[in-house]
Protein chains: 2
Amino acid sequence: MTKTEIPDIVIGRLPLYLRALQRMVQEGRQVTSSQELGERLGISAAQIRKDLSQFGEFGKQGTGYSIEFLRDQLRQILKIDRVWEIAVVGAGDVGHALARYQGFRDRGFEVVAIFDSDPKKIGKKINNFVIQDVANMKDKIQKMGIKVAMVATPASFAQDVVDQLVEAGVQAILNYAPIQISTPQNVRVQFIDPATHLQRMSYYLE
Amino acid sequence: MTKTEIPDIVIGRLPLYLRALQRMVQEGRQVTSSQELGERLGISAAQIRKDLSQFGEFGKQGTGYSIEFLRDQLRQILKIDRVWEIAVVGAGDVGHALARYQGFRDRGFEVVAIFDSDPKKIGKKINNFVIQDVANMKDKIQKMGIKVAMVATPASFAQDVVDQLVEAGVQAILNYAPIQISTPQNVRVQFIDPATHLQRMSYYLE
């Protein structure tokens, strides 16, 4: 089965499976089942089996999945059995938080550069990063071969920054700016939109 | 059909439909179809029709959906035809960003309080908010009747903060701390985990 045949909605569930498996490894567990994974994630066991079956045979009927094996397989499928370098654009509150974020470690990503347009910020340091001038962003990203970026600029700058990132060869963008951005079809975008997450929960409020 | 019968995964798609509809309103559009919504969102038209049919009849075969009507219905279903007050815990980079975030407006939520444990931060202002002592958080939240919170503390404090929020009556938590937290079954949690979003895109990287 080729990549384009697997629906994106299935791909979107794999990182959730991976996170649950990683947690089980930390708990010292060795074997799990689609039932247990499903209960932890609020996804049906049948759905999980169907999703995983698209990529091969990862467990035997009745014996369940080897947690570490399945984790390693998912890391390979998601191409995070390596480290992808990330550029952060925008050195405001969110940019600072992303440059310092501890949650990327061992999960396939590492921030390597941060850009801003504010002369007062350019040249200053966040952890080990010197904030670089966004005017040089396109060149730098192209030279470094960076494929992943996180955009944390004000809404009004986001689309222009994204256009430049795309020209520089970036293929995956995590957008924190409170605006929907457009990209060519071969460039993936995920939108961090706290209001959407909150709305998913307000349904249940009493 | 009662609430508990509608799968959470369906509820989770409603805010995406709402966001797409809101965008169409901004574009000056009046009528849409499940096909068009599906194309914008990468979800099948059949899935969208099936999801919406769980809540009633929102369009007629062949004439499509009135965008504003469907938007208003979704806002009612998601209980955001009102404004929910939010408490932010943690006045670091992310807490600052959330207190200043412009994306909640008209989407059902409003930050009304921010708490931290750092004596250097307590009493300082972010926009119009005075950062309050987390030691008073439980009382304040209870008195104000706040049901929604966003946790942006370091990982090591997050579970303790969440336990206090739950005792104070909070029912929905958006967690930015890089750790999975536990809550009773009646308290909803959404986890903002940038690595998971990135992993969903790295599958497609070349």
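Residues numbered from 1 in each chain as written. Chains lettered and ligands numbered in written order. Predicted model: local features only at pLDDT ≥ 70, side-chain atom pairs only at ≥ 80, totals over all residues. Heavy atoms only, no water.

## Overview of the overall build of chain A
Worth spelling out the cut-off: Secondary structure elements follow DSSP: runs of H or I of four or more residues count as helices, runs of E of two or more count as strands, with numbering from the N terminus. Whether two residues are in contact is decided by their heavy atoms, any of which lying within 4.5 Å being enough. Here the accessible surface of atoms and residues is derived via Shrake-Rupley with a 1.4 Å probe, and residues count as covered only by protein chains that are part of the display.
When its secondary structure is counted, chain A shows eight helices and eleven strands. C-alpha extents for chain A along the principal axes are approximately 60 × 45 × 35 Å. A sequence separation of at least 24 residues applies to 54% of the contacts in chain A between residues at least 6 apart. When the accessible area of chain A is evaluated, it comes to approximately 10,000 Å², of which 48% is carbon and sulfur surface.

## Some words on the packing of aromatic side chains
Residues and elements named next belong to chain B. Applicable threshold: Centre distance within 6.5 Å is the pairing criterion for rings of Phe, Tyr and Trp, where only the six-membered ring of Trp is used; planes under 30 degrees apart are then read as stacked, over 60 as edge-to-face, and the remainder as tilted. A 1.4 Å probe rolled over the protein chains alone gives each residue an accessible area, and that area as a share of the maximum for its type sets the label: buried under 20%, exposed over 50%, partly exposed in between.
All told, the structure shown has four aromatic pairs over all chains when counted by the stated rule. An angle of 65 degrees between the planes, with centres 5.0 Å apart, marks the rings of Tyr-101 and Phe-104 as edge-to-face. For Tyr-101, a relative accessible area of 17% puts it in the buried group. Ring geometry for Tyr-203 against Tyr-204: centres 4.9 Å apart, planes inclined by 90 degrees, an arrangement best described as edge-to-face.

## Section: the sheet that holds strand E4 (residues 84–89) of chain A
Residues and elements named next belong to chain A. Let me state the cut-off plainly: Strands qualify as paired when DSSP identifies two bridges or more between them. Only C-alpha atoms enter the line fits that serve as axes; for helices the fit covers just the stretch in contact. Angles between N-to-C directions range over 0 to 180 degrees.
Ordered by their spatial adjacency, six strands build an open sheet running E8-E5-E4-E9-E10-E11, and the pairing between neighbours is parallel. Here the strands that pair on one side only, and so sit at the sheet edges, are strand E8 (132–133) and strand E11 (188–191). Judged from the four bridges that link them, E4 and strand E9 (residues 148–151) form a sheet pairing that is parallel. Along E9, the bridge assignment pairs Ile-86 with Val-148. Running at roughly 160 degrees to strand E5 (residues 109–116), helix H6 (residues 137–144) makes contact with E4, E5 and E8 of the sheet.

## Brief notes about the relation of the copies chain A and chain B
Heads up, the rule is: Least squares is the method for superposing the copies, and the C-alpha atoms it fits come from residues with pLDDT of at least 70 in both.
Superposing chain A onto chain B requires a rotation of 180 degrees together with a translation of 0.0 Å along the rotation axis, leaving an RMSD of 0.0 Å. Those values place the two copies in the arrangement expected of a two-fold rotation axis. For chain A, the residue whose C-alpha comes nearest the rotation axis is Asp-93 of chain A, separated from it by 2.3 Å. Of the residues that chain A buries at the interface, 100% are likewise interface residues in chain B, meaning the two copies contact each other through the same surface.

## Describing the side chain of Arg-71 of chain A
Residue and element names in this part refer to chain A. Spelled out, the test is: Side-chain atoms alone can form a polar contact between residues adjacent in sequence; in general such a contact is a pair of N or O atoms within 3.5 Å, and within protein one must be able to donate a hydrogen while the other accepts it.
Among the structural elements, Arg-71 can be located in helix H4 (residues 67–77). Judged by relative accessible area, which is 15%, Arg-71 ranks as buried. Polar contacts involving the side chain of Arg-71 include one to the side chain of Gln-22, which spans 3.3 Å. In contact with Arg-71, not counting residues within four places along its chain, are Leu-18, Leu-21, Gln-22 and Val-25.

## A short note on the layout of surface pockets
Definition in use: In this analysis the probe radius is 1.4 Å and the grid spacing 1 Å, with only protein atoms considered; a cavity is a set of points the probe fits into but cannot get out of, a pocket is an open set with protein on both sides within 12 Å along at least five of seven lines, and lining residues have an atom within 4 Å of a point. Grid points are joined across faces, edges and corners, and a volume is the space filled by probe spheres set on the points.
Here the second largest pocket is characterised by a volume of approximately 760 Å³. The wall of the second largest pocket is formed by 36 residues, among which Val-94, Gly-95, Ala-152, Thr-153 and Pro-154 of chain B lie closest to the centre. The set of elements that each furnish at least two residues to the lining of the second largest pocket consists of helix H5 (93–100) of chain A together with helix H5 (93–100) and helix H7 (155–167) of chain B.

## Focus on the interface of chain A and chain B
Our working definition: Salt bridge, as applied in this entry: a Lys or Arg side-chain nitrogen positioned within 4 Å of an Asp or Glu carboxyl oxygen. When residues are grouped by polarity, Ala, Val, Leu, Ile, Met, Phe, Trp, Tyr, Cys and Pro land in nonpolar, Asp, Glu, Lys and Arg in charged, and all others, Gly among them, in polar.
At the interface, 59 residues of chain A touch 59 residues of chain B. Our count for the contact surface shared by chain A and chain B stands at eight salt bridges. In this structure, Arg-19 of chain A and Asp-193 of chain B form a salt bridge, with 2.7 Å as the shortest nitrogen-oxygen distance. Between the two partners, chain A and chain B, sit 26 residue pairs in polar contact (both at pLDDT 80 or more). Elements that contribute at least two residues to the side of chain A that touches chain B include exactly helix H1 (8–26), E4, H5, E9, strand E10 (172–175), E11 and helix H8 (194–202) of chain A. Residue classes in the side of chain A that touches chain B are distributed as 35 nonpolar, ten polar and 14 charged.

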